[in-house]
Structures are given as C-alpha cells and as structure tokens.
Amino acid sequence: MKAIIRVAILLAAVAAVVAVQDLASSATARPSRPSTDAVVPRAGVVRRLALGHATAASDVYWLRFISYLGSDQAVRDGGSLLYPLGTLITDLDPRFAYAHEAAGLALNEFKRFEEAQAILDAGVRRNPGRWQTPFYAGFNAWDGLRQYERGAELFLRAARVPGGPAYLADLAARLFARSDAVGQGIALLDAMLADPGLTPSVREELQLRRQALEVEGFIRRVEERVDLFRIRNGRNPVSLAECGVSPDGPLVVPEGLELGLDARGVVTVEGFERPRLHEPGSSSPRKHRADHR
Amino acid sequence: MIHFVSISASLARVTVKEAVRSKVFVGLLAFAAALIVLSAILSNLAIGWPLRIVTDLSLAAIGLVSGILAIILAIGSTSRDMDRKTISFSLAKPVSRSTYVAGKFGGVLAAVLLNLVAMTICAAIVCFTHMHAEGPQFTVAAFLQASFLIALRATVITAVAVTFAVLVSPAVALMASAGIFVAAHLIADVRVLLEKADLGLLASILYRTLPDFSLLDGLAALVHGDPVITSATVPAILYALLYSAVALLLATIFFEKRDLG
C-alpha cells in the first residue's frame, strides 16, 4: 500500500512540475523576436568556446543554419539571420566551400543579393580550387544584382578552374554581350588565353568565345552605323552599303557572316548565332535591342 | 630497471582493471557512442558534405571524452589509493614513488587508450558508411592519424592529471587539470592576444608552461581531405611526448618530498 502511495505521490509531483512548467512558459511567452535582434556570436568567441574545434563548431552552426532556413521564422523574417549565421560558419571554417555556396544561394532565394554576393565572393577568394563557388557568385551577380560584367568575369573564372564545365565560357560571352562590354570581354579572354596552364579543351572553348565576341562587336558597330544613318537622314537605310558596310569598307563583313536589313531597317544576321541571354525572371529570351526598332 | 618496469606494469594492470570496471569509464564510453550516433543522424539533416559533419562531430566528441576520462581516472584512482591508505602499503614494499607515478600514468593512459580505440572503431564504422558522398574525402590512414593525434593529447592531459593527483588534494587536482585541459586548447590564441596587448613576457611564460593542443590538431586537415601527419607534425609529436615526460618527472620529484602520513 505504501509503495502505491509513494508512486502516486511521485506521479502527482511529476504532473505538477509539467503543469507549472507549461504555466511558466506560457506566462513568459512573447511573440517571436525579429531575428535582427537575435545575437549571433562572433567567430573568435565561438572558436574559443569550442576549445579549438573550429570546424566542428562550424558544423554545429551549419545545422542551425539549415534548421532556420526551413523554418517559418525565416519566411517571416525575410531570412535576416541567414547572413550573420553564414558569415559565422564561413569565418569559423573558411575552407567550408559548400557552406559559402549554399548560404549564397539561400540568400539569393530570399532576394538578399548583396549579402549573397558578399558571402560568395569570400568563398571565391578562400577556395580558388573550386569552380562551383565562382559559378554561383556569377549567377547571383547576373540573376540578383543584374551586374552582367561582374557575372561574366566570375563565370570566366569558374571556367578556368580545372573541372569547370566548358559551357561557362559561353555563358560569360553572353553576359559580356548583354552588358555592352564586348571589348572588355575580349580583353579578359585574351588575358586568360595567355595562361600557359590552360587545358587544350578550355583553351579551345575560350578561343571560340573570343571569336564570337569579335563578331558580335562587329555587328554592334554595324547597328550603330544604321542608327546614325537613321538620325542623320530621317529614314531607314535601303541597304547596308548606304551605312558604309561593304566589301570595299570602311566596315568589311567577316567571311561566313551574312548581314542584311529587313523592311523595318533592322539588321539581320545569318551564319552566326548571336550571344543572347535568358533574362532573369523572364520565361523568354530577351530580345536584342535591334529587334525593338 | 627491469624491477622498475615490472612493478610499474603490475601497478598499471591493477589501475586498468579498476578503471575498466568503473562507472565513469562505461558511462563516458556510452556517452561518446551516443554522440557519434547523433552525429550520424545530424549529418543526414545537413544538405551537403555529410562525411565532413559526421567526422568532425564524432572525432571532436572523442577528443573531449578522452580528455575528461583521463582527468577523472587519474584523480579518482590516485585519491582512492590515498583515501584507503593502500598507497602506504604499496610504498612500504620496495616500490619507489617514481615507480608508483609511472605505474599510475601507464594504467590510466592504457585505460584511456582502450576507451579511445573503442570510440575510434565506432566512429570509423559510422564515417565510412558516409564515404563517397559529396564533399572532400579522406583515407583510412588519414583517419587513423587524426585519432593518433587525439591519443597524444590524451597522453599529455593524463600526465598532467597524474601529476596534480599525486601532489594536491583531489578537488584542487580536478580544477587544475580541467583548467589546463581547457587552456591547452586556447593557449595559441591567448598568446596572440597577450602579445597584441604588449604582454609578451606573460604570453611567453604561459605558452611555455601550458601544453599547446593546437599543434596536435588533425581534425581540420582530415575533414578538408588534406594530409594529417606531415613532416611539420613530427616536432609536435615529439613535443607532446617530451611535455608528458617532463610533467611526470616533476610529479616524481615533488611526490618524493610529499608527506603521506
């Protein structure tokens, strides 16, 4: 009988503790704080508290990052904790390349493009042997910041890393074309081609992109002459020869390229696929400015 | 010399038997195993590089548990001898105090290493089930090298704990050993901070007095797929062995003068 009474008292005590705990937690419950107020410690402090196990501490915060990323709080906050957590993780272990990339993409997803770029750029500096990090940095520069030249430079950097896919050079050429920085793209490609350490396949791909940008640059000069003609004469040119584009010069069409004018006076191109870009956020390729005339 | 070795070995055997039977030994082994399994579960929640997560967390747990075990076993075993007065019996026989210190150290270290081997096997099984997943990879040899460096850290902290255990009361020994275990992980950073604050002399004294475990860290290299033990690590291994030897020598010298009455 005594044993039963003791067990009953014990159960009652446990139930009382649970009830009081619930009461206490509901009494102190507050609406969740905006995460900007939340304190993410500095990497130096965490490194010391982890007794030198910086990579393990980085992993623990990485798990916290993932749990926050998938939480409703992140949606409510607009992902405001992602950058401080991502910075902490990558400062604790600068060689945790995957964390740089995933944090950058998560920030991009939350439209925190500047923060995404900062963390991805740090990853590019810290892990030069990975092509994925400059690739994602280039993607964020293009997709988020709309900085096409910067994106192109990062894609080219990714293309140069051993193991980097060859299509990155093509993507970079399209971005240079989109950014009206064809000359700069050619100069950058020339600088890259001067590197004797390039693999033959990468060299070949870069040379192809250089040729493509040269042709694109020529077409743009033709389009500028057509624009100039229209302004000066108040009408569309009948032929390209009227704009100085002829076998006798001053602008000589490269071999294999066929240029013409349609009924609206827009330059048409055959024998060459112009480097165009799929515009971020759109479902159809962006039309080139010449097509709008 | 043969006498010294055989009596130390006998003392060590007794210490190991005592240690293995202790609840702390089994409890910490179970705790480490639980942490390793937990790290495997957590690695599945991470969206990439699972091998890194499981290796990092399980080896960090092994390092922590080994250090705690070394401190508790060294102090527990010695204080039991003192409390039960068995130390007087031991030392009444032709057993010198240096033999006693060597035997205690050998026994505690053997028990810690036994625990470490068990934990390492457990961690290795978990880690190698995550091999060939995305992220940096490492070899079995690299994994064993990282575990060897953890064993060296355990050797140093065992020597420190045995030294305090034979010289001061158990409570003081526990606090001092635990403090040194923590400080050993931080001393490299502390040294830089003190030097920045123009306290170069203090930095130098502390750095030369406390063991520097940052020299014996193989975990970061392992999880990034780099070689763990290189030619640069060899002096660190020698440093750990010498530091332990000096600690034990100090223990012997001061223990000879201690009145156990």
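Cut-off values and rules
- Every chain's residues receive numbers from 1 upward, in the order its sequence appears when written.
- Chains carry letters and ligands carry numbers; both start at the beginning, A for chains and 1 for ligands, and go up in the order they are written.
- Only residues with pLDDT of 70 or above have their local features reported here, since the model is predicted, and side-chain atom pairs are shown and tallied only from 80 upward, although totals for entire chains, interfaces and linings are computed over all residues.
- Note that water and hydrogens are dropped before the side-chain values are worked out from all heavy atoms of the structure.
- Note on conventions: DSSP H or I runs of at least 4 residues are helices, E runs of at least 2 residues are strands, and numbering of each starts at the N terminus.
- Each residue's exposure class comes from its accessible area (1.4 Å probe, protein chains only) as a fraction of the maximum for that residue type: buried when under 20%, exposed when over 50%, partly exposed otherwise.
- Contact criterion: two residues are considered in contact whenever any of their non-hydrogen atoms come within 4.5 Å of each other.
- Only the protein chains shown count as cover for residues, with accessible areas throughout obtained via the Shrake-Rupley method and a probe of 1.4 Å.
- Here is the rule: rings of Phe, Tyr and Trp (six-membered ring for Trp) pair when centre to centre is within 6.5 Å. Planes less than 30 degrees apart are stacked, more than 60 are edge-to-face, and the remainder are tilted.
- By definition, being over a ring means that NZ of Lys or CZ of Arg is both within 6 Å of the ring centre and within 35 degrees of the ring normal.
- For the domains described, the bounds stem from an automatic or database domain assignment.
- Simply put, the buried area is the total loss of 1.4 Å probe accessible area from both parts when two parts are fitted together.
- Throughout this description, the term salt bridge denotes a Lys or Arg side-chain nitrogen within 4 Å of a carboxyl oxygen of Asp or Glu.
- Within 3.5 Å is the distance limit for a polar contact, defined as a pair of N or O atoms, with the added protein rule that one can donate a hydrogen and the other accept it, and that residues adjacent in sequence qualify only through two side-chain atoms.
- In this classification, the charged set is Asp, Glu, Lys and Arg, the nonpolar set is Ala, Val, Leu, Ile, Met, Phe, Trp, Tyr, Cys and Pro, and all remaining amino acids, among them Gly, are polar.
- Here a helix's expected span is defined as the number of its residues, less one, multiplied by 1.5 Å.
- A residue's pLDDT is the predictor's confidence in that residue, given on a scale from 0 to 100.
- DSSP-based pairing: two strands are paired if at least 2 bridges between them are found.
- Under this scheme, a helix contributes an axis fitted over its contacting stretch, all axes are lines through C-alpha atoms, and angles between N-to-C directions fall in the 0 to 180 degree range.
- In this scheme, roughly parallel covers angles under 35 degrees and roughly antiparallel covers those over 145, while 65 to 115 is roughly perpendicular and the rest are oblique.
- Two helices cross in a left-handed way if the nearer one is turned anticlockwise from the farther one by less than a right angle. They cross in a right-handed way if the turn is clockwise.

S.K.: How do you make sense of the overall build of chain A when you look at a structure like this?
M.R.: Looking only at helices and strands, one finds 12 helices and two strands in chain A. Within chain A, the proportion of its 293 residues that are buried is 45%. Excluding contacts between residues fewer than 6 apart, the proportion of contacts in chain A whose partners are at least 24 apart in sequence is 60%. Per element, the accessible surface of chain A, about 15,500 Å² overall, is 56% carbon and sulfur.

S.K.: What is the right way to read the packing of aromatic side chains from this model?
M.R.: In this description, a pair of aromatic rings is defined by centroid distance and the angle of the planes. Enumeration according to the criterion identifies 14 aromatic pairs over all chains in this entry. With a centroid separation of 5.7 Å and an interplanar angle of 65 degrees, the aromatic rings of Trp62(A) and Phe96(A) are classed as edge-to-face. You can see Trp62(A) sitting in helix H3 (residues 54-69) and its partner Phe96(A) sitting in the loop between helix H5 (82-92) and helix H6 (97-109), a full 34 residues away along the chain. Classification of Trp62(A) as buried rests on a relative accessible area of 0%. By relative accessible area, Phe96(A) is classed as buried at 0%. The interplanar angle of 85 degrees and the centroid separation of 6.1 Å between the aromatic rings of Trp62(A) and Tyr98(A) together place this pair among those described as edge-to-face. Taken together, the residues Trp62(A) in helix H3 and Tyr98(A) in helix H6 connect sequence positions 36 residues apart. The two residues Trp62(A) and Tyr98(A) agree in class, both being buried. Members of the aromatic cluster, each reached through a chain of ring pairs, are Trp62(A), Phe65(A), Phe96(A), Tyr98(A) and Trp49(B). Directly above the ring of Tyr207(B) sits Arg191(B), whose terminal nitrogen or CZ lies 3.9 Å from the centroid.

S.K.: What should I look at first to understand the domain arrangement of chain A in this one?
M.R.: Interface size, as often reported, equals the accessible area lost upon joining of the parts. Residue and element names in this part refer to chain A. Assigned domains of chain A: these are domain 1 (1-128) and domain 2 (148-293). Taken together, the contact pairs four residues of domain 1 with four residues of domain 2. Approximately 340 Å² of surface area, both sides summed, lies buried where domain 1 meets domain 2, with 50% of it carried by carbon and sulfur atoms. Linking domain 1 with domain 2 are one salt bridge. Where domain 1 touches domain 2, the interface holds one residue pair in polar contact (both at pLDDT 80 or more). When the residues that make up the side of domain 1 that touches domain 2 are grouped by side-chain class, the tally is two nonpolar, one polar and one charged.

S.K.: In this structure, what is going on with unusual backbone geometry? I would like to understand it.
M.R.: Glycine aside, residues mostly have negative phi, and peptide bonds are mostly found in the trans state. Phi at Lys111(A) is positive, roughly 60 degrees, even though this residue is not glycine. We classify Lys111(A) as exposed; its relative accessible area is 62%. Phi angles above zero are rare outside glycine, and Asp198(B) is one such case at about 60 degrees. Structurally, Asp198(B) can be placed in the loop between helix H7 (170-196) and helix H8 (200-209).

S.K.: Can you walk me through H3(A) in this structure?
M.R.: Each full turn of the α-helix corresponds to 3.6 residues, which orients residues three or four apart in the same direction. All names here are of chain A. Taking 1.5 Å per residue, 16 residues should reach 22 Å; H3 reaches 22 Å between its end C-alpha atoms and fits that length. With 12 of 16 residues buried, H3 is to be regarded as a mostly interior element. For H3, the full list of buried residues reads Ala54, Thr55, Ala56, Ala57, Ser58, Asp59, Tyr61, Trp62, Leu63, Phe65, Ile66 and Tyr68.

S.K.: Explain the interface of chain A and chain B to me, please; I cannot follow it from the model alone.
M.R.: Between chain A and chain B, the residue contacts involve 20 residues of the former and 25 residues of the latter. Sorting the residues of chain A by area buried against chain B places Arg48(A), Leu51(A) and Tyr98(A) first, and these three jointly supply 31% of that buried surface. There are four salt bridges connecting chain A and chain B. Between Asp189(B) and Arg48(A) there is a salt bridge, with the nearest N and O atoms lying 3.7 Å from each other. The tally of links from chain A across to chain B stands at seven residue pairs in polar contact (both at pLDDT 80 or more). Among the elements of the structure, helix H2 (43-49), H3 and H6 of chain A are those that each provide at least two residues to the side of chain A that touches chain B.

S.K.: Even after reading the chapter, I still don't get the pattern of salt bridges, so can you show me in this structure?
M.R.: If the charged atoms of two oppositely charged side chains come close together, the side chains can form a pair. On inspection of all chains with the given rule, the structure shows 17 salt bridges over all chains. We note a salt bridge from Asp93(A) to Arg52(B), for which the minimum N-O separation is 2.6 Å. You can see Asp93(A) sitting in the loop between H5 and H6 and its partner Arg52(B) sitting in helix H3 (residues 50-83), one on each of two chains. With respect to burial, Asp93(A) and Arg52(B) carry one shared label: buried.

S.K.: When you look at the confidence of the model for chain A in this model, what are you seeing that I'm missing?
M.R.: Close inspection of predicted coordinates is inappropriate for parts of the model with low pLDDT. Residue and element names in this part refer to chain A. On average, residues of chain A carry a pLDDT of 79, and 83% of them reach 70 or more. Low pLDDT (under 50) marks residues 31-37, which in the prediction has nine contacts with non-local residues, meaning those over four places away or in another chain. Here residues 281-293 scores under 50 on pLDDT; set against residues more than four positions off or in separate chains, the count is 26 contacts.

S.K.: It is not clear to me how the pairing of strand E2 (residues 267-270) of chain A should be interpreted in this structure. Could you clarify?
M.R.: Sheet faces and side chains relate simply in a regular strand, where the side chains alternate between the two faces. Residues and elements named next belong to chain A. In this structure, strand E1 (residues 258-261) lies alongside E2, joined through four bridges in antiparallel fashion. Each bridged residue has a counterpart across the sheet, and for Leu259 the counterpart in E2 is Val269. The loop that links E1 with its antiparallel partner E2 comprises five residues; one of these, Gly265, has a positive phi angle of about 80 degrees.

S.K.: What exactly am I supposed to notice about the packing of H3(A) against H6(A) here?
M.R.: Packed helices, taken two at a time, are described by the angle between their axes plus the distance between the axes. All names here are of chain A. Where H3 meets H6, the closest approach of the two axes is 12 Å, and the angle between their N-to-C directions is 20 degrees. It follows that H3 is roughly parallel to H6 by the angle criterion. In the crossing of H3 with H6, the sense of the turn from one axis to the other is left-handed. Along the contact surface, H3 presents Trp62, Phe65 and Leu69, while H6 presents Tyr98, Ala99, Ala102, Ala103 and Ala106. Counted by class, the contact of H3 with H6 contains eight nonpolar, no polar and no charged residues.

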